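# A closer look at the structure
One-letter residues, chain by chain:
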Amino acid sequence: SAVISQKPSRDICQRGTSLTIQCQVDSQVTMMFWYRQQPGQSLTLIATANQGSEATYESGFVIDKFPISRPNLTFSTLTVSNMSPEDSSIYLCSVERSASGEGDTQYFGPGTRLTVL
Amino acid sequence: AQSVTQLDSQVPVFEEAPVELRCNYSSSVSVYLFWYVQYPNQGLQLLLKYLSGSTLVKGINGFEAEFNKSQTSFHLRKPSVHISDTAEYFCAVITTGGFKTIFGAGTRLFVKA
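Remember, predicted model here, so these are calculated numbers, not experimental data.

### Concerning the confidence of the model for chain B
Residue-level pLDDT values for chain B average 92, and 98% of them are 70 or greater. Strand S11 (residues 102–103) of chain B is the least confidently modelled element of chain B, averaging 90 in pLDDT, while strand S3 (residues 19–21) of chain B averages 98, the highest of any element.

Structure, rendered in C-alpha cells:
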C-alpha cells in the first residue's frame, strides 16, 4: 500500500485567488495523479504527473488553470488558479503501486476540500 | 475504451441485513477491477481488488466481490451491514498494463438502525 498526505485538508478561498495543494508520499513512485471530485459526483482525472517531465492533462483541464509540479519522486503540488465557485470540489492525490504479480492499484490521499466563495 | 456502470445511485438498507452493490463494466481488453469506499469527509480507501485467479475476492470490513466475466460484472456484497458501513462506494477498472483508472459514478450505501 502507500501512505499519502495532503495539505491543506480544507480551505475556503475568495474568487480570483489561487490555492496550492501539496501531496506527499511515503516512498518513491513514478506516477502521481490528481483527481477532482465535485459535490455528489465521482472522480475525474485532472492530470498525470511524472517526475522530470510536464504533466499530462485530461480533456477539459489546462495547465494555466491547474499547474502541477513534480520536483521529486515523493512530492507533487497542484495549483487551482484564478478560482471561481465552480472550482469548489475535493481534490485528491493518488499514486499507483505495482507489486510483482499484483497488478496496478491506485491509492489515494485524504483529499483537500476546497470551497470558493 | 473502458466504462463502468454502477446500477444503483443509492441503496438504503437496515442494519444487519445483507447488501449487494452492483457494478458492470465494458472493455475490449483484460482489466483489473476494484472497489473503493469513501467515508464522509474522507479520501478513498481500497476495499478489495480482482487481478486474476479466484473469482471470489474478499476485502476489508467483511466485504467480498465476485468477478463474472461472462456478465462483465463485479458486484460487491456483505452478508450483514453495520451503521458504520454508511459511505459512498466506487467501482473502478484499469486495463492490464494500463495506468488510468476509470471510476463508476458511485453508490451511496445508507444503513439504517
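Back to the text.
### A look at the interface of chain A and chain B
One widely used convention gives an interface's size as the accessible area the parts lose upon coming together. Listed per partner, the contact involves 25 residues of chain A and 21 residues of chain B. Here chain A meets chain B over a buried area of about 1,700 Å², counting both sides, of which 51% is carbon and sulfur. Across the chain A-chain B interface, the total number found is zero salt bridges. Put simply, the parts of the chain that give the side of chain A that touches chain B at least two residues each are strand S4 (31–37), strand S5 (43–50), strand S9 (89–99) and strand S10 (103–108) of chain A. When residues in the side of chain A that touches chain B are grouped by element, the largest group, six residues, is from S10(A).

### Brief notes about the pattern of salt bridges
Under the definition given, this model contains seven salt bridges over all chains. Linking A:Lys65 and A:Asp87 is a salt bridge whose minimum nitrogen-to-oxygen distance equals 2.6 Å. Of this pair, A:Lys65 sits in the loop between strand S6 (56–57) and strand S7 (68–72) while A:Asp87 sits in the loop between strand S8 (75–80) and S9; the two residues are 22 residues apart in sequence, bridging distant segments of the chain. With respect to class, A:Lys65 is no different from A:Asp87; both count as buried. Where B:Glu20 meets B:Arg77, a salt bridge forms, and the shortest distance between an N and an O atom there is 2.8 Å. Residue B:Glu20 is found in strand S3, and its partner B:Arg77 is found in strand S9 (residues 73–78); the two are separated by 57 residues along the sequence. Linked by salt bridges that have partners in common, B:Glu20, B:Glu66 and B:Arg77 make up one network.

Definitions and cut-offs
Residues numbered from 1 in each chain as written. Chains lettered and ligands numbered in written order. Predicted model: local features only at pLDDT ≥ 70, side-chain atom pairs only at ≥ 80, totals over all residues. Heavy atoms only, no water. pLDDT = per-residue confidence, 0-100. Helix = DSSP H or I, 4+ residues; strand = E, 2+ residues; numbered from the N terminus. Contact = heavy atoms within 4.5 Å. Buried area = accessible area lost by both parts, 1.4 Å probe. Salt bridge = Lys/Arg side-chain N within 4 Å of Asp/Glu carboxyl O. Buried < 20%, exposed > 50% of the residue type's maximum accessible area, 1.4 Å probe, protein only.

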